[in-house]
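A structural walkthrough
Listed below are the residues making up each chain.
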Amino acid sequence: MTGIARGGFEGLDACVHCGFCLQACPTFLATGDESDSPRGRIELMRGLERGDIAATDPALISHLDRCLGCRGCEPVCPSGVQYGHGLEAARSRIAGSRPVPGVARLALWALTTPGISSVVYWFARVLRATGLPRLLAGWGRFGFAMGMLAATRAAQGGGGRRKAAKARQVAPAAIRRPSPPLATLLFRGCVMQGLFSHVHDATIRTLGVNGYQVRDVSGQVCCGALHAHAGLLDEARALARVNVDAFGDGDEPIVVNSAGCGALMKEYGRLLDDLRGERFGARVRDVTELLAGSAMKGPVAGEPLDLHVAYDPPCHLLHAQGIAVQPLKLFAAIPLLELVPVPGAAECCGSAGLFTLLEPEMSRAVLQTKIDRLREAAPQVVATGNPGCLMQIGAGLAAAGSAARARHPVELLDDAYRAAGRYE
Ligand code: SF4
Ligand code: SF4
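Here we summarise the structure given alongside this text. Nothing here was measured: the structure is a model prediction, and the numbers come from that model.

1. Concerning the site of ligand 1
Around ligand 1, the surrounding shell holds 13 residues, and the nearest of these are Cys 15, Cys 18, Gly 19, Cys 21 and Cys 77. Mapping ligand 1 onto the cavity grids shows that it belongs to the largest cavity.

Now the structure itself:
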C-alpha cells in the first residue's frame, strides 16, 4: 500500500527547479508565464501545503485551474517528480475551501450519474443521428460542443480502402485461439458506454480474435477520474469502492479502452489506500496492452487497409500509464496502414477531462497548435485511445474543415478483421 499521509504533496519533494520540464508543458508554451509552468505550479503547491498560500488565493486557483493535468512534465523530469499526485492533492484542498464551479458540477451530474446520464446520452445520440452536429461544428462554444458530439459517431463503412490483393487472408494457423479462451472483464465507463459503445463492440470483437473471451460485469459505475481531476477525491473514492466490489476479487484482467479511466483505475490502491484497491489496480489493462500480448508480438494480422494514420497518444496512456509501444503493435498488425509522423504528437490536445469546458480559451489555444500540425501532415485518420481526446481532436478537425476523422485504434483493427472475414 502507498501511504497518503500528505495526500500526494510528497510527490513534489524531488523538484530541484532545473526547468527541464518547461518546454514539455503546453500551457507554458501557450502563455510563456512561469506560473503556468510545472516548476511555477510546484512552488505554488508547496506554498499551499506549508500554509504560506491560502487555498482561496485567486492566483493559486487560476494557475492550477489552467493546468491540464496532462503529466507531460513527468517523463522529462530527471528527478522523478510525481507532479500528478501533487496536483491531485492541491486540487482536493482547493475543492475543500471553495465550491466546485457550477458548470463542472452540472457536467459531472449529467455525464456520470446513473439514471440521469442514460437519459442525457440518449438525447445526445438522437441529436447525433440527425447529422446536425457535424453541420454546426465550429470554433465557438456551441459549434465546438456540436463538433465534439459529431466526433463520437461511428465511422460508416470502415476506415480505409481495402486492398483486395493476394494478402487477403492470414493463414488460419496464425489465429491465436487458446483453448479455453482467456477470460477478461470489460470496464464500460460512462462516456464510453453512452457515446462510444461502438468502441466497446470493437474491443470485444478484436480481443475475441486474439483469444480473449470478454465478459460484462454488472453493478460497475463511472471510474471517478473526472471527479478526481476536479479535486473531488471523496466522490472518486466512493465510485472506486463500488467498482472494486462489482469486479470482485478474481484474477481476470479488467480491460479498459479509455486511457483516462485506465490511468485512475490502475491507481485505485493509492486512491483508496487499501489492499483491495491495489489488487484491483494490478488487474487493469489498456486494451492495447492485451492485444499486444505479454511477449509484445502484437495482435493477429488483419486485412491490408490503405490508410494514412496519425497516432496521437493520449497523455493518460503515454505519460500516466507509460504505454507507448503497444498501440504501435496494433497498427503494425494492419498491412499497408501507414503511420504519418506529426511533430508534437505526444503533447496534450487540450481536452483533459472537463478542462475543455472550464478553460475553453487555454484548451483551444493548445488544440490549435495540434490541429495546425495535423492539417500539414494530412492523415485520413487521427487515432487516439481516449474519449476526451477523440472528441476534442475530432471537433478541432471539423472546425478546421478537415475531412480527417478521429478514431480509436481498436476500430481500425476491427475494420481490418472484418475485411479479412474474421467475423463471418
Ligand atoms: S519538475 Fe522536474 S524537470 Fe521540472 S523543475 Fe522540477 S526537477 Fe526540474
Ligand atoms: S500537467 Fe501538463 S499542463 Fe500541467 S504543468 Fe504538467 S505539462 Fe504543464
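2. A few points about unusual backbone geometry
Its identity is not glycine, yet Ala 352 carries a phi of approximately 50°, on the positive side. On the secondary structure map, Ala 352 appears in the loop between strand S8 (338–339) and helix H19 (355–358). Residues other than glycine seldom take positive phi values, yet Ala 378 does so here, at roughly 50°.

3. A word on helix H2 (residues 38–50)
For H2, built from 13 residues, the straight-helix expectation of 18 Å at 1.5 Å per residue is met to within 8% by its first-to-last C-alpha distance of 18 Å. The inward-facing, buried residues of H2 contact helix H1 (26–31), helix H3 (58–65) and helix H4 (83–95).

4. Notes on the packing of aromatic side chains
With the rule as written, the count across this model stands at six aromatic pairs. Ring centres of Trp 139 and Phe 144 lie 6.1 Å apart, and the angle between their planes is 20°; on these two criteria the pair is classed as stacked. On the basis of relative accessibility, which here comes to 1%, the residue Phe 144 falls in the buried class. An angle of 25° between the planes, with centres 4.9 Å apart, marks the rings of Tyr 268 and Phe 280 as stacked. Of the two residues, Tyr 268 sits in helix H14 (residues 268–272) while Phe 280 sits in helix H15 (residues 275–283), which places them 12 residues apart along the sequence. Given the relative accessible area of 0%, Tyr 268 is considered buried.

5. Observations concerning the site of ligand 2
Near ligand 2 there are 13 residues, and of these Cys 25, Cys 67, Cys 70, Arg 71 and Cys 73 occur at the shortest range. For ligand 2, the cavity whose grid points lie within 2 Å of the majority of its atoms is the second largest cavity. Going through the elements one at a time, H1 and H2 are the ones with two or more residues in the shell around ligand 2. Here the residues of the shell around ligand 2 are counted per class, giving eight nonpolar, three polar and two charged.

6. Remarks on the packing of H2 against H4
In the contact formed by H2 and H4, the axes pass within 10 Å of each other and the chain directions differ by 50°. When the axis of H2 is compared with that of H4, the two are oblique. The two elements H2 and H4 cross, and the hand of that crossing is left-handed. Here H2 contributes Pro 38, Arg 41, Ile 42, Met 45, Leu 48 and Glu 49 to the contact with H4, which in turn contributes Tyr 83, Gly 86, Leu 87, Ala 90 and Arg 93.

7. Focus on helix H6 (residues 116–129)
With 14 residues, H6 should cover 20 Å at 1.5 Å per step; its first-to-last C-alpha distance of 20 Å lies within 8% of that length. For H6, the set of buried residues is Ser 117, Tyr 121, Ala 124 and Arg 128. Down the axis of H6, the buried set is contained in an arc of 60°. They therefore lie on one face. The exposed residues of H6 that point more than 90 degrees off its buried face are Phe 123 and Ala 129. Buried residues along H6 sit against helix H5 (102–112), helix H7 (132–136), helix H8 (141–150) and helix H9 (191–195). Downstream of H6 by one or two residues, Gly 131 has phi in the positive range, about 85°.

Conventions used here
- Residues numbered from 1 in each chain as written.
- Chains lettered and ligands numbered in written order.
- Predicted model: local features only at pLDDT ≥ 70, side-chain atom pairs only at ≥ 80, totals over all residues.
- Heavy atoms only, no water.
- Near = heavy atom within 4 Å.
- 1 Å grid on protein atoms, 1.4 Å probe; cavity = no way out; pocket = protein on both sides within 12 Å on 5 of 7 lines; lining within 4 Å.
- Sits in = over half its atoms within 2 Å of the grid points.
- Helix = DSSP H or I, 4+ residues; strand = E, 2+ residues; numbered from the N terminus.
- Expected span 1.5 Å × (residues − 1).
- Contact = heavy atoms within 4.5 Å.
- Phe/Tyr/Trp six-rings, centres within 6.5 Å; stacked < 30°, edge-to-face > 60°.
- Buried < 20%, exposed > 50% of the residue type's maximum accessible area, 1.4 Å probe, protein only.
- Nonpolar A, V, L, I, M, F, W, Y, C, P; charged D, E, K, R; others polar.
- Axes fitted to C-alpha atoms, helices over the stretch in contact; angles between N-to-C directions.
- Parallel < 35°, antiparallel > 145°, perpendicular 65-115°, else oblique.
- Left-handed = near helix turned anticlockwise from the far one by under 90°.
- Arc of directions from axis to C-beta.

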